[in-house]
Amino acid sequence: MHKPIRKAVFPVAGLGTRFLPATKAMPKEMLPIVDKPLIHYAVEEAKAAGIEQFFFVTSRGKSAIDDHFDRAFELEATLRERGKEDVLEELEARLPEPGQIAYTRQQTPLGLGHAVWCARELVGDEPFAVLLADDLMVCEVPCLAQMVQAYGETGGNLAAIIEVPRAQTNRYGVLDVVSHNGRLVRARGVVEKPEPAAAPSTLTIIGRYIIQPEVFGHLARGEPGSGDEIQLTDALARLIEDGQAFHGLRFEGKRFDCGDKLGFLEASIALGLQHPDLGPGLRQILSTYL
């Protein structure tokens, strides 16, 4: 019986330089897709997977994230006065329970691995999930819920994976695959951003992980990797060397890379078309441009 996945880490300390000037005074994780910010989609996905505690690794200028998951008494009073009880109920239903959220800071941007390490005291000695809000997952069964179910079979460490053209392997962590079992693959290694000719496969990790707490021991070494940053992928590779199982899951659904401007626009259009109120009007507007 594997320990349940109760805690999730959300690394949200990045500067969002690819979206400047929009992100000069606004966290990139608060950029909206239709009517919800990116970070809200990630938190909803985690809640649907049974996560009970939500840990945000922030930095300067990220207070909007704190405020988003807090009460807004003036706003609530105004909605109540105007009789907008439906909107008020929707806002309140989306708030986590008191005590479910905690924040810690990554004072220096030293990489994803370092950001995860900053949450070590919050996570403690139990397996945990990591969700990157830049990757917006649209799945009938939420992506992390699929992973939690698979983790019940595999234990160890698990990441969501996609197949990419070989020319794009230098953008991702890439699995060195040893076996396939349906949607699951087992890896004997993982390499951060290999050049296409050296990539062991074209199966690449995206921003969803289930990780054992022993990873913090490897991250504590502070050894820089690709891009001179502390890479989470390198620490996962060392867990494999330690004998821990590492699997990739080909999840069922669609991933939008919202860390990229075109990916962000695609997600906005795709989810806008799916919106019950906005979809028909958006479809008509798009037809005038195509």
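For the structure, check the block above.
Throughout this description, residue numbers start from 1 for each chain and increase along the sequence as written. Local features in this predicted model are restricted to residues of pLDDT 70 or higher, and side-chain atom pairs are both shown and tallied only at a pLDDT of 80 or more, whereas totals for entire chains, interfaces and linings draw on every residue. In computing side-chain properties, one takes all heavy atoms of the structure into account and sets aside hydrogens as well as water.

Engineer: Hey, could you go over the environment of L239 for me, with residue numbers and the actual values?
Structural biologist: Mapped onto the fold, L239 is located in helix α9 (residues 232-241). We call a residue buried when its accessible area falls under 20% of the maximum for its residue type, exposed when it is over 50%, and partly exposed in between, using a 1.4 Å probe and counting protein chains only. Looking at L239, the relative accessible area reads 0%, which means it is buried. Setting aside residues up to four positions removed in sequence, L239 forms contacts with N157, I211, E214, V215, H218 and Q244. Strands here are runs of E lasting at least two residues and helices are runs of H or I lasting at least four, both read from the DSSP assignment and numbered beginning at the N terminus. Throughout, a contact is declared for two residues whenever any of their heavy atoms are within 4.5 Å.

Engineer: So what about the layout of surface pockets? Which residues, and what values?
Structural biologist: Space inside the largest pocket adds up to approximately 1,300 Å³. Buriedness of a pocket was judged along seven lines, with at least five required to meet protein on both sides within 12 Å; pockets are open sets of points on a 1 Å grid over the protein atoms alone, cavities are sets where a 1.4 Å probe fits but cannot get out, and lining residues have an atom within 4 Å of a point. R18, K28, L132, D134 and K193 are the residues nearest the centre of the largest pocket, which is lined by 42 residues in total. Mapped onto the lining of the largest pocket, the elements with two or more residues apiece are α5 (112-117), β11 (203-211), α9 and β13 (254-257). Considering every element that reaches the lining of the largest pocket, the biggest residue donor is β11, with four residues. For this scheme, ten residues count as nonpolar: Ala, Val, Leu, Ile, Met, Phe, Trp, Tyr, Cys and Pro. Four count as charged, namely Asp, Glu, Lys and Arg, and the remainder, Gly too, count as polar. Here the lining of the largest pocket is built from residues that sort into 17 nonpolar, 13 polar and twelve charged. Grid points are joined across faces, edges and corners, and a volume is the space filled by probe spheres set on the points.

Engineer: I'd like a rundown of helix α10 (residues 261-274), residues and numbers included.
Structural biologist: Look at α10: 20 Å from first C-alpha to last across 14 residues, which is about the 20 Å you get at 1.5 Å a residue. The distance from a side-chain oxygen at the start of α10 to the backbone nitrogen of L262 is 3.0 Å, and the residue carrying that oxygen is D260. Helix span, expected: 1.5 Å multiplied by one less than the number of residues in the helix. Here a polar contact means two N or O atoms within 3.5 Å. Within protein one must be a hydrogen donor candidate and the other an acceptor candidate, and residues neighboring in sequence count only if both atoms are side-chain atoms.

Engineer: Break down the packing of helix α3 (residues 73-81) against helix α4 (residues 85-93) for me, citing the residues and quoting the values.
Structural biologist: Two quantities define a packed helix pair, namely the angle between the helix axes and the distance between the axes. An axis is simply a line fitted to the C-alpha atoms; with a helix, the fit covers only the stretch in contact. Between two such axes, the angle follows the N-to-C directions and lies from 0 to 180 degrees. The N-to-C vectors of α3 and α4 enclose an angle of 150 degrees; their axes lie 8 Å apart at closest approach. The orientation of α3 relative to α4 falls into the category roughly antiparallel. Residues L75, E76, L79 and R80 of α3 lie in contact with α4, whose contacting residues are E85, V87, L88, L91 and E92. Here the residues of the contact of α3 with α4 are counted per class, giving five nonpolar, no polar and four charged. Put simply, angles under 35 degrees are roughly parallel, angles over 145 are roughly antiparallel, angles from 65 to 115 are roughly perpendicular, and the rest are oblique.

Engineer: Requested: an account of the state of the cysteines, with residues and values cited.
Structural biologist: Our working definition of a disulfide is a cysteine sulfur pair at a distance within 2.5 Å. In this structure the tally under the stated criterion is zero disulfides. Free of any disulfide, C139 has its nearest neighbouring cysteine sulfur in C143, separated by 5.1 Å. With relative accessibility at 17%, the residue C139 sits in the buried group. Overall, the relative accessible area of 1% leaves C143 in the buried class.

Engineer: I'd love a proper account of the packing of aromatic side chains, names of residues and values included.
Structural biologist: When two rings of Phe, Tyr or Trp (its six-membered ring) have centres within 6.5 Å they constitute a pair, described as stacked for plane angles under 30 degrees, edge-to-face for angles over 60, and tilted for the intermediate range. In the structure shown here, the tally under the stated rule is six aromatic pairs. On the numbers, 6.3 Å between centres and 25 degrees between planes, the contact of F10 with F54 is stacked. With F10 in strand β1 (residues 7-11) and F54 in strand β4 (residues 53-58), the pair connects residues that are 44 residues apart, well separated along the chain. Here F10 matches F54 in class, with each residue buried. Only when the NZ of Lys or the CZ of Arg is both within 6 Å of the ring centre and within 35 degrees of the ring normal is a charge said to sit over the ring. Of note, R120 hangs over the ring of W117, and the distance from its end group to the ring centre comes to 3.7 Å. The ring centre of F256 lies 5.4 Å from the NZ or CZ of K254, which sits over that ring.

Without other data, these values stay purely geometric and don't point to any function.
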